Amino acid sequence: MTVGEYLRKIEPEQVSQIVDGIFKNYDKLKRPYYRVKPVEIAIYMGIEAISHISEENMEFGATVYFTQYWKDPRVAFDKDNNGSFLILRGEHLNKLWLPDTYIINARKLSVETATYSAEVFGNGDITYSYRMSVTALAKMNFANYPMDNQILKIDISSYSYLAEQLTLKWKKGSMVYNEMAGYVVKSENETKQIIGRRCDLSDRFFARIYREANHSF
């Protein structure tokens, strides 16, 4: 495995030197802007497909491309910001601080490990992405069956950080990569009190998948 990949003005012989310099005094246990301000995580989620819907088990399955964006000044390596960046994978990706976002209503979740990657830009901007399959709880109401319109929700939050430490936002909303007849995807968010968790106040984000009228499961 190579240390990283390069584009623009980064020469191959410079890659190892840059990566070694970035992580020389780097502490991955501390979030960006530690004791300064909250780190802002922008989320971009693509729903590739709905694999199944089970009325009996009150669940649905989806294949999702999940991307998170944030800034970590500690890994900046190009003050001129000429667009150069590194792609980190494997052991080098493990050296980087990563958000602890998770899907609250997931029953099962598997990530394709080969898709884990982080683009680290010269100005400290980071793009972290992977592809996953999730089976999530769905509270369905069949009172109007067969004309019911169900909402399949993917509920996202930080696992351990307080709102004053980490904030979430949608980058550009949700995107459907493949046409899914009978479904509409919308992104929403709210701030609410969560009882019984270390995170007393959390930004929770919903990707709501609406079934259009005149379609049935």
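Residues numbered from 1 in each chain as written. Predicted model: local features only at pLDDT ≥ 70, side-chain atom pairs only at ≥ 80, totals over all residues. Heavy atoms only, no water.

The name given to the protein in an unreviewed UniProt entry is Gamma-aminobutyric acid receptor subunit beta-like, with Actinia tenebrosa as the source organism.

Before going further, it helps to spend a moment on the packing of aromatic side chains. Given two aromatic rings, their pairing is described by the distance between the two centres and the angle made by the two planes. Overall, the coordinates contain 10 aromatic pairs when judged by the stated rule. Between W70 and Y128, the ring centres sit 6.2 Å apart and the planes meet at 80 degrees, which makes this aromatic pair edge-to-face. With W70 in strand β3 (residues 59-71) and Y128 in strand β8 (residues 125-137), this pair connects stretches of sequence that are 58 residues apart. Assessed through its relative accessible area of 7%, Y128 is described here as buried. A ring pair is formed by Y116 and Y130, whose centres lie 5.2 Å apart and whose planes are at 55 degrees; its orientation type is tilted. In this pair, Y116 sits in the loop between β6 (106-111) and β7 (117-121) while Y130 sits in strand β8, placing the two residues 14 residues apart along the sequence. Among the aromatic residues, those joined into a cluster by ring pairs are F66, W70, W97, Y116, Y128, Y130 and Y161. The ring of Y33 carries the charged tip of K37 above its face, separated from the ring centre by 4.6 Å. When the ring centre of Y69 is taken as reference, the NZ or CZ atom of K171 above it lies at 4.4 Å. (Phe/Tyr/Trp six-rings, centres within 6.5 Å; stacked < 30°, edge-to-face > 60°. Helix = DSSP H or I, 4+ residues; strand = E, 2+ residues; numbered from the N terminus. Buried < 20%, exposed > 50% of the residue type's maximum accessible area, 1.4 Å probe, protein only. Lys NZ or Arg CZ within 6 Å of the ring centre and 35° of its normal.)

All told, the structure shown has 6 salt bridges when counted by the stated rule. For the salt bridge of R131 with E48, the shortest nitrogen-to-oxygen distance reads 2.6 Å. With R131 in strand β8 and E48 in strand β2 (residues 39-54), this residue pair connects regions lying 83 residues apart in the sequence. Where R131 meets E112, a salt bridge forms, and the shortest distance between an N and an O atom there is 2.2 Å. Here E112 lies in the loop between β6 and β7 and R131 lies in strand β8, a separation of 19 residues in the sequence. Sharing partners across several salt bridges, the network here consists of E48, E112 and R131. (Salt bridge = Lys/Arg side-chain N within 4 Å of Asp/Glu carboxyl O.)

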